[in-house]
Amino acid sequence: MRRSAITSLVIPALALFLLLAGALCAPAAELDDSNLFVEAFNAYQKKDYLLAIDKVKQLTLVFPDTPLKDVSLLLLARSGLKSGDNALAARTVNQFTSEFPATPLRSSIEDDLLTLGARLHKGEKLTENRALHMAAVKVRNEQLAIERAIAERQEQERLARLKTEQERIAREKAELERRERERIAAEKAAKETIRTATAITVEKSRIAQAGQNGTLPFEIANRTGNSEEYLLEVSAPAEYGAQLSAETTPGAAPGRVTVAAGQSFKGAISFHIPSDRVDGERKSVSLKAVSARFDDVALTKETLVTITAPLVRVVARPASQSIVPGGQVRYRMTVLNIGSQTAQELTGRLFLPPQFEFPDAENPQFHREGADALSFKIDPLETGKMSEYYLNLRVRGDSAIGQEVRYRVEVFNGQLQRKETFASSAAVVQGK
């Protein structure tokens, strides 16, 4: 192993050791999983992947029950992939898919990560030895070149024999058979001309925002010597409601278009991204043009649409996990946005359990809505940012000893008309 490779392993391990040693020696109140995650997230955004790995490992070790575990595992897997640690990336993405099988975040996982996870699951040992990999590729390419050369020679010999046989048959066939061959040849040439002389131009990729409309312009150029008619079809997720329209007549659905020789048809694919799509989700939108004369002549172009959206998380922790009847408890509530879009028009609601009383005078940020519901305003959050709120509550004197107490937080995104629910960390009622 080269010195650089050894150093790349030792330095992160030493850094993690120092972080853990400091965490064990420092008071628990000084550590915060929200801050650790934001530090890891921002390090990843700056492409400092080793730092991101250290921060996530510290977070998951000190806060094993953090509500940020799903996004932490996903961030750790991506950092492993980017830093070249294929074993870490595969092991972490497998842990993520195992512990969170139903999360919508699965649709944002990169194909490379899924491939590494599958290889590790099969028992394959993942390494970073590129020299061996390149040597194996070289050997395989040389072998493929030999096989291709043999296949090409055999194909040439077969074509030569076929040509000789066709020439013999041609001399023996009647005029009717000759005309039929000419008809088939003409049709084949026409199909090939359409295939090679028709060009579809569409963007290969497009970024689209959740809850917004999108448009993909396209052009069909007919470079044949004849006017051609095409049947157009768009393929996209049903929830996108994708439609075709002509550039000159917006809103029209040009399912059948005629393009003169040497001319082009310009149109657009319009679609709407549902507001419930998660940040990083990728879907394919494709345009298919079929010749109206030959239904087996089709051309297809595909565009990969990547969704951008805010991704809000809430972490609420009591100052102490032990509370007493008749006493008070102070909660720190952090609202984070780790998506790629600014979170706007956010409204928060809290639903208190019967063990808690809400003193209005001590909580100016919160407004009472009924006996057990509170509301509060959340300012817009840019990506990678967070806001903090403090909630002071009283513990009812008749609360049962040993009972776990949590409250529920709802965050409503008015821009996307989407609601997400989170639970606070538990506090346990103790005897005085």
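Residues numbered from 1 in each chain as written. Predicted model: local features only at pLDDT ≥ 70, side-chain atom pairs only at ≥ 80, totals over all residues. Heavy atoms only, no water.

Enquirer: Would you explain the overall build of the chain in this entry?
Expert: Across its full length, the chain holds eight helices and 21 strands. Relative to its 432 residues, the chain shows a buried fraction of 39%. Of the contacts made within the chain by residues no fewer than 6 positions apart, 72% connect residues no fewer than 24 positions apart. Split by element, the accessible area of the chain, about 24,500 Å² in all, is 52% carbon and sulfur. (Helix = DSSP H or I, 4+ residues; strand = E, 2+ residues; numbered from the N terminus. Buried < 20%, exposed > 50% of the residue type's maximum accessible area, 1.4 Å probe, protein only. Contact = heavy atoms within 4.5 Å. Areas by Shrake-Rupley, 256 points an atom, 1.4 Å probe, with all protein chains shown as cover.)

Enquirer: Sorry if this is basic, but what is going on with the pairing of strand S8 (residues 282-291) here?
Expert: Regular strands place their side chains on alternate faces of the sheet. Of the pairings in the sheet, the one linking strand S4 (residues 228-235) to S8 comprises six bridges and is antiparallel in character. Bridged to Leu 231 within S8 is Val 290. Note that S8 and strand S9 (residues 298-308) share nine bridges and pair antiparallel. Across the sheet, Val 285 pairs through a bridge with Thr 303, a residue of S9. Where S8 hands over to S9, the hairpin turn is made up of six residues, counted between the paired strands. (Pairing = 2+ DSSP bridges.)

Enquirer: Would you mind going over the nonpolar core with me for this structure?
Expert: One recurring pattern in soluble globular proteins is that nonpolar side chains are buried together. Among the nonpolar cores identified, the biggest contains 35 residues, and Phe 37, Val 71 and Leu 75 are the most heavily contacted of them. Breaking this core down by element, the ones donating at least two residues are helix H2 (33-45), helix H3 (49-62), helix H4 (69-83), helix H5 (86-99) and helix H6 (111-121). Here the element with the most residues in this core is H2; it accounts for seven residues. Built from parts of two domains, this core gets at least three residues from each of domain 1 (33-128) and domain 3 (312-429). Non-local contacts of Val 71, meaning those with residues more than four positions away in its chain, are made with Phe 37, Leu 105, Leu 311, Arg 313 and Ile 338. Residues Val 312, Ala 343, Phe 366 and Ile 378 belong to the second largest nonpolar core, which totals 30 residues. (Core = buried A, V, L, I, M, F, W, Y, C linked by side-chain atoms within 4.5 Å. Domains from an automatic or database assignment.)

Enquirer: Teacher, can you tell me more about the packing of H4 against H6 here?
Expert: Two quantities define a packed helix pair, namely the angle between the axes and the distance from one axis to the other. One can describe the packing of H4 onto H6 by two numbers: an axis separation of 10 Å at closest approach and a directional angle of 90°. Taken together, the axes of H4 and H6 are roughly perpendicular relative to one another. Here Ala 77, Arg 78 and Leu 81 of H4 lie close against H6, whose contacting residues are Asp 112, Leu 113 and Leu 116. (Axes fitted to C-alpha atoms, helices over the stretch in contact; angles between N-to-C directions. Parallel < 35°, antiparallel > 145°, perpendicular 65-115°, else oblique.)

Enquirer: Could you clarify how one ought to interpret empty space enclosed by the protein in this entry?
Expert: To find leftover empty space, a probe the size of one water molecule is rolled over the atoms. Taken as a whole, this structure holds one cavity of 30 Å³ or more when the rule is applied. Roughly 60 Å³ of internal volume is contained in the largest cavity. For the largest cavity, the full set of lining residues is Pro 310, Val 312, Leu 346, Val 411, Asn 413, Leu 416, Arg 418 and Glu 420. Among the residues making up the lining of the largest cavity, the classes are represented as five nonpolar, one polar and two charged. (1 Å grid on protein atoms, 1.4 Å probe; cavity = no way out; pocket = protein on both sides within 12 Å on 5 of 7 lines; lining within 4 Å. Points joined across faces, edges and corners; volume = space filled by probe spheres on them. Nonpolar A, V, L, I, M, F, W, Y, C, P; charged D, E, K, R; others polar.)

Enquirer: Whenever I open this one, the side chain of Ser 387 confuses me. Can you help?
Expert: Position of Ser 387 among the secondary structure elements: in strand S17 (residues 385-395). Its relative accessible area of 16% is what places Ser 387 among the buried residues. If sequence neighbours within four positions are ignored, Ser 387 has contacts with Met 333, Thr 334, Val 335 and Leu 381.

Enquirer: Sorry if this is basic, but what is going on with unusual backbone geometry here?
Expert: Here the phi dihedral of Glu 345 falls at roughly 50°; this positive angle occurs in a residue that is not glycine. On the secondary structure map, Glu 345 appears in the loop between strand S12 (328-337) and strand S13 (346-351). Unusually for a residue other than glycine, Gln 417 sits at a positive phi of about 55°. Residue classification places Gln 417 among the exposed residues on the basis of a relative accessible area of 57%.

Enquirer: Explanation requested: the packing of aromatic side chains in the structure shown.
Expert: Given two aromatic rings, one states the distance between the centres and the angle between the planes to describe the pair. Per the counting criterion, the structure on display carries nine aromatic pairs. Arranged with centres 5.8 Å apart and planes meeting at 35°, the rings of Phe 96 and Phe 100 form a pair that is tilted. Judged by its relative accessible area of 0%, Phe 96 falls in the buried class. Ring plane angle 20° and centroid distance 6.1 Å describe the contact between Tyr 240 and Phe 271, whose orientation is recorded as stacked. (Phe/Tyr/Trp six-rings, centres within 6.5 Å; stacked < 30°, edge-to-face > 60°.)

Enquirer: Please clarify how H4 should be interpreted in this entry.
Expert: Since the α-helix turns once every 3.6 residues, residues separated by three or four places project in the same direction. For H4, which comprises 15 residues, the first-to-last C-alpha distance of 21 Å matches the rise-based estimate of 21 Å (1.5 Å per residue) to within 8%. Judged by how many residues are buried, H4 sits mostly within the fold: 11 of 15 residues are covered. Within the sequence span of H4, burial applies to Asp 70, Val 71, Ser 72, Leu 73, Leu 74, Leu 75, Leu 76, Ala 77, Arg 78, Ser 79 and Gly 80. Structurally, H4 contributes buried residues whose contacts are with H2, H3, H5, H6 and strand S10 (312-318). After H4 finishes, the residue Gly 84 shows a positive phi value of roughly 90°. (Expected span 1.5 Å × (residues − 1).)

Enquirer: Is there a simple way to think about the sheet that holds S4 in this case?
Expert: In any sheet, the strands associate via hydrogen bonds between backbone groups, in a parallel or an antiparallel arrangement. Spatially, S2-S9-S8-S4-S6 is the arrangement adopted by the five strands of the open sheet, whose pairing is mixed. The open sheet has two edge strands, strand S2 (205-209) and strand S6 (256-259), and neither has a second partner. Pairwise comparison of adjacent strand axes, ignoring direction, gives a mean angle of 30° for this sheet. Note that S4 and S6 share four bridges and pair antiparallel. Pairing of Glu 228 across the sheet is with Val 259, part of S6.

Enquirer: In this structure, what is going on with the pattern of salt bridges? I would like to understand it.
Expert: Pairing is possible between side chains that carry opposite charge, provided their charged atoms lie close to one another. Here the structure, examined in full by the defined rule, presents 35 salt bridges. Put simply, Glu 228 and Arg 293 hold a salt bridge, and the shortest N to O gap is 2.9 Å. With a gap of 65 residues between them, Glu 228 in strand S4 and Arg 293 in the loop between S8 and S9 connect regions that are remote in the sequence. Residue classification places Arg 293 among the partly exposed positions, given a relative accessible area of 48%. Between Glu 404 and Arg 406 there is a salt bridge, and its shortest N-O distance comes to 3.9 Å. When salt bridges with common partners are traced through the structure, they connect Glu 180, Arg 183, Glu 187, Lys 191 and Asp 296 into a single cluster. (Salt bridge = Lys/Arg side-chain N within 4 Å of Asp/Glu carboxyl O.)

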